[in-house]
Amino acid sequence: MQFLNCRRAIVVHIFFIYIFSLNAIYGKKKEAEVLDFLAKELKALEASADCPLKQLTKHSVRSLWLKDQLSDETLLCILKFLDANNKDDSAWSLLGTSFEKKNLKQQADYCFKQATKAAGKYTPFVKDWWFIGPFVIGKTEFDGDVLAAYGGIQNVSRYRYHSETFVSELSSGGTVKWTELKQSSAQELLKINPKVDWNDLVSSLGSMGITEWQGWAVGEFFINENDLQLSFQCLGVAKCSIGNTMLVGDLYHRNQFWFPAALSRGVYTVFIPLRTKVVANFKFSVNKMPAFQVLEPSFLPDVYNGYLPINFYLSIPVSNLMADKWLKVTKIKITTQSDGQPLDPVLISNDYEIAPGQVRPVVVHLKPESVSDARKITDSCRDLNLEFKLLTSEGSQSFKLTLRCRHKGSSFLFSFIDHDGSVQHAAAVEPLGACNNEACPVFLTLHGTTVPPQNQADSYKKMVNGEYQFGIKGMWLLAPTRHGAHNWEGPGAMTAISALQALSSMTLASEWFSVRADSDKVLFAGHSMGGHGAWHLATHFPDRTIGLISLAGWIKKEEYGESNLFFRHDISTSHTDASVKAIMEACIGENDADKHVTNLKGISVLARIGAEDRTVHPFFVRRMVRLLKEARVNVTYSELPNLAHWWWDTKEANDGGCVNDAQIRQFIDHISATSSQLDNYCSAGSQECGTSSNRYKSLQPEPVTLVTINPAFGDGLKGIAVLQQIIPLRISTVQVHNKFLFFFYPAFFF
Ligand SMILES: *[C@@H]1O[C@H](CO)[C@@H](O)[C@H](O)[C@H]1NC(C)=O
Ligand SMILES: *[C@@H]1O[C@H](CO)[C@@H](O)[C@H](O)[C@H]1NC(C)=O
């Protein structure tokens, strides 16, 4: 036994020595072959060219190559460098790229083979980055590049190894130069924190906005094989490019979006346009991805009290990661359902074609399989676990979702098709108690920056006998939302109005809701950015506004904080004609709440803020109150001592706090009482318009003034609306005097 084992060990030993020496011999042979290749190519070039570099380093070779990829001098230098460093993958890739461009395919093949051996088929990240900046910003993410005067970053970055300087007004001394930074792993997030005396600039210029800067990060990465289906991710920037191929960036670090590009083998420079405040964070990643991916939906609607609302839409983002082929989504099925009546998912479009690189939300309408019942799905109101299967032209993928079931008395999320065809969601709470009419008014509350709609809805609570009571007495509570920096203007405002219509039609269609929602009677409310939203919506939809509560609301973004500075510091201030600037300002004029205050005549307003609020200073609320009083609007102003931007308890614990305390509830009661006497609208041609029962019968004798800057947004004041302007986006006013009102009634178009 012993002997046998020993003999086996010797055999194994000899075997390894044999392999080892074979490897060594083979390796030697390979090395000789590499040297042969280099010697042959060197000999061919040395006759006609000289390498101009005194020192052959990674840097000097790269620098030369960036300036001129095709000259014999460059090739000669790289060959000489490789002669001494024949394991340097980047030099092999540079050489291969040059040979490829000179149509020397055999040599190119050989070089890329060596590069692949040393570094793999592609490099998953950029190891050596170079940064130039900081420069002052252009106005938007896309315009105004200081380096454009020098042929743009594509040109300028080729000279990055020279210690060239550029003028920048942010830098002490007035110049900036290229700096190098290393990335050590694919996971690393790069930080760029330029040496600038920000404190000095902020205090001397009196502006936080000056801390916004732009600059460029560039670096090379290498693809050593053809036909790789690679995808890319640029985190922290709106866009980036690889050579001349522009890619979609991921500004908000969502971390799940990849963008495919069909790139042949070669060396590519990545251009990252940075734009940030003080410190920039970014990451560029390369990955091999499947043909497509089903991504996590960013929201899901709730089953309510065991029922499935008619507008139960799911928005499932699907990402096509093929660089040159469309993806077709054909069908969706439910393969497992944990509980309740069987559900039937239907794609709302038959042709979900997703373009190469596109992430498209696939809209699925979920309904009960049997149409007979009244959409009651479950008696128990437990969460539903569902497994779906999405079928596409590239095969299928399964994914799981859990739908919550929310009970009456608490908030629930519903989804709807928005004005732009996207699926959006909102939170709602049924009215507390009854209301005086068949349909209840809607208390439409707009959230502040980053507050989710359910949190906004749930902040309308108070403690009653040791238990929280949610919602508004006699009114539907509606808290819409929309992703992005809309400030409840433009698309954000339209989403709020779409949510209102959706709530109204949903409650109309489903008798299992105890009461309907009346989208023509709205109390607009909101806090912070939502306080601005409440000003904005009520001034543009005055005829459906029964009351207005603006809490800690600012007036216009350009004059609040310093995140939307208009023509200040940015490079366009030195180039833009005043008339162009005027057009740009006119385009956002509709968002200036203060210019529209007269539209609120006849509406009771509550404006409130904590005296210690420094997120939104009381200055802004006081200004609105001054203007409202000048316009003879019934406004109550309250500046609460010792309170700041948000609080839960105003006078005592759990009394409703910032958005729902006694003062606010009292105001809502007052609005409820007065609005129940309001009758319906008067539509053109309607019989009721001539009678005394229309909505405007109690018009006060004083004249009212309608202000419109953009006729495309909003509905009328006292039934009157501006439909077109002679000069677009100028302030248009219509003065209505009581005696003329009936004369022109019901339709009076300008
Ligand atoms: C390209 O950049 C270099 C270095 O900054 C500069 O000297 C040259 O003038 C630029 N070329 C053009 C066309 O602007
Ligand atoms: C003004 O609004 C308050 C509620 O804040 C209300 O009590 C009062 O009756 C209103 N005045 C008029 C004239 O409508």
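Residues numbered from 1 in each chain as written. Chains lettered and ligands numbered in written order. Predicted model: local features only at pLDDT ≥ 70, side-chain atom pairs only at ≥ 80, totals over all residues. Heavy atoms only, no water.

**A look at the site of ligand 2**
- Around ligand 2, the neighbouring residues are S604, N634, T636, F667 and H670.
- At 2.4 Å from an oxygen atom of ligand 2 is found a side-chain nitrogen or oxygen belonging to N634.
- In the model, an oxygen atom of ligand 2 is placed 3.2 Å from a nitrogen or oxygen of the T636 side chain.
- In the complex, the protein chains occlude 43% of the 360 Å² of accessible area that ligand 2 would expose alone.
- Across the shell around ligand 2, the residue classes break down as 1 nonpolar, 4 polar and no charged. (Near = heavy atom within 4 Å. Polar contact = N/O pair within 3.5 Å; in protein donor to acceptor, adjacent residues only side chain to side chain. Areas by Shrake-Rupley, 256 points an atom, 1.4 Å probe, with all protein chains shown as cover. Nonpolar A, V, L, I, M, F, W, Y, C, P; charged D, E, K, R; others polar.)

**A short note on the packing of aromatic side chains**
- Counting across every chain of the model gives 29 aromatic pairs.
- Look at W92 and Y110: their rings are 6.2 Å apart centre to centre, the planes differ by 70°, and that puts the pair in the edge-to-face class. With W92 in helix α4 (residues 89–101) and Y110 in helix α5 (residues 105–119), the pair connects residues that are 18 residues apart, well separated along the chain. Grouping residues by exposure puts W92 and Y110 together as buried.
- Considering the side-chain rings of W129 and F282, the 5.2 Å spacing of their centres and the 90° angle between planes classify their relative orientation as edge-to-face. (Phe/Tyr/Trp six-rings, centres within 6.5 Å; stacked < 30°, edge-to-face > 60°. Helix = DSSP H or I, 4+ residues; strand = E, 2+ residues; numbered from the N terminus. Buried < 20%, exposed > 50% of the residue type's maximum accessible area, 1.4 Å probe, protein only.)

**Digging into the nonpolar core**
- F414, L444, W476, L478, L503, F524 and L537 are the most contacted members of the largest nonpolar core, which totals 58 residues.
- For this core, the element with the highest residue contribution is helix α9 (residues 491–509), accounting for 8 residues.
- Those residues in contact with F524 that lie beyond four places of it in its chain are L444, I497, A534, L537, A538, F541, T545, G547, L548 and I549.
- Core analysis: the second largest hydrophobic core is formed by 43 residues, V34, C77, F81 and V267 among them. (Core = buried A, V, L, I, M, F, W, Y, C linked by side-chain atoms within 4.5 Å. Contact = heavy atoms within 4.5 Å.)

**A look at the domain arrangement of the protein chain**
- The assigned domain composition of the protein chain is domain 1 (33–118), domain 2 (128–289), domain 3 (304–407), domain 4 (422–556 + 592–679) and domain 5 (704–749).
- If you average the C-alpha positions of domain 1 and of domain 3, the two centres end up 55 Å apart. (Domains from an automatic or database assignment.)

**Here we look at the packing of helix α2 (residues 58–67) against α4**
- Where α2 meets α4, the axes come as close as 11 Å, and the angle between the chain directions of the two elements is 20°. By the angle class used here, α2 and α4 are roughly parallel. Both α2 and α4 take part in a crossing whose hand is left-handed. On α4, the residues that touch K58, V61, R62 and W65 of α2 are S90, L94, T97 and S98.
- Within the contact of α2 with α4, the residues separate by chemical class into 3 nonpolar, 3 polar and 2 charged. (Axes fitted to C-alpha atoms, helices over the stretch in contact; angles between N-to-C directions. Parallel < 35°, antiparallel > 145°, perpendicular 65-115°, else oblique. Left-handed = near helix turned anticlockwise from the far one by under 90°.)

**Some thoughts on empty space enclosed by the protein**
- Counting across every chain of the model gives 2 cavities of 30 Å³ or more.
- Within this model, the second largest cavity holds a volume of roughly 30 Å³.
- Taken together, K461, Y468, W648, N654, D655 and G656 make up the full set of residues lining the second largest cavity.
- Its residues assigned to classes, the lining of the second largest cavity comprises 2 nonpolar, 2 polar and 2 charged. (1 Å grid on protein atoms, 1.4 Å probe; cavity = no way out; pocket = protein on both sides within 12 Å on 5 of 7 lines; lining within 4 Å. Points joined across faces, edges and corners; volume = space filled by probe spheres on them.)

**Re the sheet that holds strand β18 (residues 352–354)**
- The strand order β18-β16-β20-β21 describes an open sheet built from 4 strands, whose pairing is antiparallel. Each of the sheet's edge strands pairs with one partner strand only, and the pair in question is β18 and β21 (395–403). Recorded for the sheet is a direction-independent mean angle of 35° between the axes of neighbouring strands.
- Here 9 bridges tie strand β20 (residues 384–392) to β21, and the two strands are oriented antiparallel to one another. Looking across to β21, one finds that T392 is bridged to G395. (Pairing = 2+ DSSP bridges.)

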